[in-house]
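Close look at the chain arrangement
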Amino acid sequence: MKHYDVVVIGAGNGGLTAAAATQRGGKTTLLLERHNIPGGCATSFVRGNFEFEVALHQLSGLGTESQPFVMRDIFNSLGVMDKVEFIQERDLYRLAVPGELDITLPASWKGLQKTLQEHFPEEEQAIVQFMDICEKVTLEGFLTLPKAKRSNNPEVLNDECAHFVKYGFRSALDVLSELFSNKKLITLISSYWNYVGVPPSQMLFSDLASMLYSYAVFKPWHIKGGSQSLSNALVESFIEAGGDVRFNCGAEKILTEAGGVTGVQLETGERVTCNAVISNASPLVTFNELLDHDQLPIKVQQDFKSRRMGTSAFVIYLGLDCTPEELGITAPSSFISSTLDWEAVSDRMEAFDSPLGGMITCYNLDDPDAAPPGKSQVALVCLQYGDVWQTVAPEEYVKTKYAFAEKLIDLIEQVYPKVRHFIEEIEVATPLTMMRYLNTPGGAIYGFKQTPEDSNLIRERLEGVNGLYSVGSWTSMGGFQPTYMAGESTARAVLKKLNQMEAQHV
Amino acid sequence: MSEHNVLNGIVGYQEVWQSKAALEKTGSNFQEIKQDVQKTVERIHPKRLSLKVDRIIEETASTKTFRLVSSTGAVLPPFQAGQYINVFVDINGVATARPYAIASSPAHRHYYDLTIKRAEGGFVSHFALDQLKEEQALTSSGPMGTFHHNPLFHGEDLVFLAGGSGSVPARSMLLDILERNLPYRFHLIYVNSFEHDVIYAKELRALASTQANFTLTEVVTRPTSNSQGHKGRLTTEFLSNLVPSITDKMFYICGPTPFNESCITLLTQLGVKRRRIRVEANGAPKRPDLQQNWPEGVSLNEEVTVTVKGKGSYKTRVGEPLLNSLETHGFSTENACRSGECSLCRVKLVSGTVFNPSEAHLRKSDRKFGWIYSCVAFPTSDIEVLL
């Protein structure tokens, strides 16, 4: 039986970064992926002359060359920085609420303040205060809060994390309503709730603040060739370091003995032994289905019971036979809503009724290579829970899919009226498509529902089986940067543990 | 959580902690949705179907229809008219597969009809026509493919240009439209070399005479004196007379590769936008050496060695698609469309060179990092691949 130090189950962002890091850290690693391609969400597919980005809308955390941020270090350490090319986006986003507002926010901290003040002069002072709070909450959350936590000293907390203490753990809507009186400004500035999946009343202010601050200061990015490029680069780095990768080969069982991991049984029936398993599958699949026994550790059960299923998404991938200019697209990322009330938009996410809000990303506005000359690559998205889709009879599925797609296109055409006319290629992904390709319950795209109770500051690592680690959106925040970071940091923990074990044996 | 947790000093923290404890009381450990993903996906997109041949119908001298049913008698997964299944077979110890379009209507889910024409120099088609028997068991993929009507942009005026067995998906689309009373107009322009090659001839002619929204135009390129229908090849003149307001239609093209290419050229000359033309993929090219960028001085019959990393090596011809030679020599990889589109047979080229023909719809980064679609890749030197 073949032995590996580490088996990584799933080549999503968390699995890829973890596998590259453990192999490059000197531990023999086997990376398993059920599909023929790495990436999970971070993937692409080809239709006709178009290659469609599946999931990356705006990569955060990279920073510029002159002002680098954490992801640059991580990508460097994983050996992929010279294998991919990043494309900087000029804007944060455009928010269009027909008849109410239409504003594009620039990807610049100073520019953001200026734009907000121009449109909302009566809130000039509040905007200054808001931006100061965002910056401090973000920096404290990133730098001094971990220190306060380690010291467990209230003085450190109060002295060095004053803004986080006051604002960080309240809801975004609560803080915004305290600072601003203009409802339109509140709606505009909280559009990024779409990247978290819960409306401003249910998301932590610190999450919104850090998204706005990070995107504006460290810029939003696309990847040349799509996120698939980065996934492929991570596999390349992993193979170069001597790692074994198996595609079209899922894990069947995680094998244990006396409460510890001993190996993995593959889809083919083969077994390998290992000292650690890093699972990029949902922990619901990892613990409830992959483990070779039914005694779910109490701590894990408690954790699961306090979680709620997160949102999935409905996505339309469009290859259009026209330029972004012909469509009227002026910003790569737009949010579109028929109401200023994000709570109402969020309420629709459980139903088949016409979506009230959605987003549209045009990938070739800042990167002409993202579509053939004269054409456009566009993704339309609305968040939606998977439940309603699971009630659809198989023979009604396709009809239901097209009917709902018509509704989402109707919404987007309120702002970009000619979309239908130019369609050359189209692919529609429902929450069941997410289920199929991500293997996540509910087709969840950001893991568990990211209400404040989901925060990492409230959670501990899922323990109970020695040598079993979870990475991915379910045990960290959802999205690209958090899952890349979770994979890398988990790999560091695994390397440390394995090195300690080896040292004891010497 | 310990009372001495310093984070309790954060405004709102303790409330969230309490609310988490409340959630824990009412929540579930999700055991009730165990296998939920698998079961849900399996109903719509099963990876494999276990089938058996129920009936065999002789269509023409070179064509048979195989009615496949589930080996358990269950209904088969739904599909969109125009889609295919990939049928896995073992022929004298060689495990291989071929994609075949479903000929029957999506409304009837107790069976899939596959109409298979004997291909010149074929392997699996010969096996099917000569050896497949009723009651024989077969395994296939689930229904797949993007060659189908899409109500989001195809419209209601549909013209299908079929060559030879390219009429198979057309039949399914036609039956779907008629049985569901869809408000589409369907015009089938069906081209065959000889009149006796016309598959579904009686059925199509009967439907054309009774169904107002179905038009059949038969074209025979090598007519005998008493052939029905138009004689000769398709031309722009013929098509523009036959199809009014030609630029407003949606075209479906399915036939041999030269037929497909000539149809695209004709339609483009008539001003039809590429976005109004859908073409079904049709396997690896027979003459990749006639395509642009074929390496100079390399001939299709040259011998090359393929090494499968860690597993062995064998000799093959440059002109043999990699997937075929892998299968002939006992290796395998997942596959479905075998035409360079679905990406399931993606493997890594470790060393050497392959020719990726225009059929290979590779992702940009796959191209960059040496991942190839083995179904349409031609080894132009000794190569090593990672399966």
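Throughout what follows, the structure given in this document is the object of discussion. Only a predicted model underlies this, so the values are computations on that prediction, with no experimental measurement involved. (Residues numbered from 1 in each chain as written. Chains lettered and ligands numbered in written order. Predicted model: local features only at pLDDT ≥ 70, side-chain atom pairs only at ≥ 80, totals over all residues. Heavy atoms only, no water.)

Topic: the overall build of chain A
Here is the rule: Put simply, DSSP H or I for four residues or longer makes a helix, DSSP E for two residues or longer makes a strand, and each gets a number counted from the N terminus. Only the C-alpha atoms count toward the radius of gyration. The rule for a globule is 2.2 Å times the residue count to the power 0.38. Think of it in three bands: residues with accessible area under 20% of the maximum for their type are buried, residues over 50% are exposed, and the middle band is partly exposed, with areas taken using a 1.4 Å probe on protein chains only. Contacts: residue pairs with any heavy atoms within 4.5 Å of one another. With residues, only the protein chains shown are counted as cover, and all accessible areas are computed by Shrake-Rupley using a 1.4 Å probe.
Along the backbone of chain A there are 18 helices and 18 strands. Taken over C-alpha atoms, the radius of gyration comes to 23 Å for chain A, in line with the 23 Å a tight globule of 506 residues would show. Seen through its principal axes, chain A has C-alpha atoms that stretch 70 × 60 × 45 Å. For chain A, buried positions account for 67% of its 506 residues. For chain A, restricting intrachain contacts to residue pairs at least 6 apart in sequence, the fraction spanning at least 24 positions comes to 73%. As displayed, chain A offers around 17,500 Å² of accessible surface, 48% of which is attributable to carbon and sulfur atoms.

Things to note about the environment of L408(A)
Residues and elements named next belong to chain A. With respect to the helices and strands, the residue L408 is situated in helix 16 (residues 397-413). Residue L408 is classed as buried on the basis of its relative accessible area, which comes to 0%. In sequence terms L408 and S60 are 348 residues apart; their C-alpha atoms lie 27 Å from each other. Discounting chain neighbours no more than four positions away, the residues touching L408 are F314, I316, P355, L380, V381 and C382.

Quick notes on a nonpolar patch on the surface
All names here are of chain A. Worth spelling out the cut-off: Each patch groups residues whose relative accessible area exceeds 30% and which form no salt bridge, using 9 Å between like charges and 5 Å between nonpolar side chains of Val, Leu, Ile, Met, Phe, Trp and Tyr. Salt bridges are defined by distance alone: a side-chain nitrogen of Lys or Arg within 4 Å of a carboxyl oxygen of Asp or Glu.
On the surface, L139, F142 and L143 cluster together into a nonpolar patch covering about 280 Å² of accessible area. Turning to its location among the elements, L143 is positioned in helix 4 (residues 124-151). Assessed through its relative accessible area of 56%, L143 is described here as exposed.

A closer look at the side chain of S470(A)
Turning to its location among the elements, S470(A) is positioned in strand 18 (residues 468-470). For S470(A), the residues in contact, after removing those within four places along its chain, are S279(A), P283(A), F287(A), T475(A) and T490(A).

Some points on the packing of aromatic side chains
The test is simple: What counts as a ring pair is set by centres within 6.5 Å for rings of Phe, Tyr and Trp (its six-membered ring), and what kind of pair is set by the plane angle: stacked under 30 degrees, edge-to-face over 60, tilted for all other angles. For a ring to carry a charge above it, either NZ of a lysine or CZ of an arginine must fall within 6 Å of the ring centroid while also lying within 35 degrees of the normal to the ring plane.
All chains considered together, the criterion is met by 44 aromatic pairs over all chains. Seen from their ring centres, F50(A) and F52(A) are 5.8 Å apart, and the 15° between their planes marks the pair as stacked. One aromatic cluster in this structure is built from F69(A), W109(A), F142(A), Y213(A) and F218(A). Residue placement shows K20(B) over the ring face of W17(B); its charged tip is 4.5 Å from the ring centre. Residue placement shows R346(B) over the ring face of F247(A); its charged tip is 5.3 Å from the ring centre.

Some remarks on the sheet that holds strand 7 (residues 101-106) of chain A
Residues and elements named next belong to chain A. For the record, the criterion: Strand pairing requires that DSSP identify at least two bridges connecting the strands. Note on geometry: axes are lines fitted to C-alpha atoms, helical ones only across the stretch in contact, with angles between N-to-C directions running from 0 to 180 degrees.
Strand order in the open sheet formed by seven strands is 7-6-14-15-16-13-17, and the pairing between neighbours is mixed. Lying at the two open borders of the sheet, with one neighbouring strand each, are strand 7 and strand 17 (423-429). Ignoring strand direction, the axes of neighbouring strands in this sheet form an average angle of 15°. Bridge count between strand 6 (residues 91-97) and strand 7: six bridges; the pairing is antiparallel. What sits directly across from L95, in strand 7, is I103. Docked against the sheet, helix 3 (residues 109-119) engages strand 6 and strand 7, running at close to 160° with respect to strand 7. Across the face of the sheet, helix 17 (residues 431-438) comes into contact with strand 13 (312-320), strand 16 (376-384) and strand 17 while running at roughly 95° to strand 13.

Things to note about the interface of chain A and chain B
Heads up, the rule is: Throughout, the accessible surface (probe 1.4 Å) given up by two parts as they are put together, summed over both, is called the buried area. Whenever two N or O atoms come within 3.5 Å, that pair is a polar contact, provided that in protein one can donate a hydrogen and the other can accept it, and provided that, for residues adjacent in sequence, both atoms are side-chain atoms.
Each partner contributes to the interface: chain A provides 78 residues, whereas chain B provides 61 residues. Its largest share of buried area at the contact with chain B, chain A owes to N36(A), Y402(A) and I458(A), together 10% of the area lost on that side. In this structure, the connection of chain A to chain B is made through six salt bridges. Here E425(A) makes a salt bridge to R278(B), at a shortest N to O gap of 3.1 Å. Counting the contacts that link chain A with chain B gives 30 residue pairs in polar contact (both at pLDDT 80 or more).

Looking at the sheet that holds strand 17 (residues 371-373) of chain B
The pairing of strands in a sheet comes from backbone hydrogen bonds and takes either a parallel or an antiparallel form. Spatially, 14-13-19-15-17 (chain B) is the arrangement adopted by the five strands of the open sheet, whose pairing is mixed. What marks the edges here is a single partner per strand, and that holds for strand 14 (312-317) and strand 17 of chain B. Strand-to-strand twist of the sheet, defined as the mean angle between neighbouring strand axes without regard to direction, takes the value 40°. Seen against the sheet, helix 10 (residues 227-240) of chain A touches strand 15 (346-351), strand 17 and strand 19 (383-386) of chain B and runs at an angle of roughly 45° to strand 15 of chain B.

Geometric values such as these leave the question of function open.
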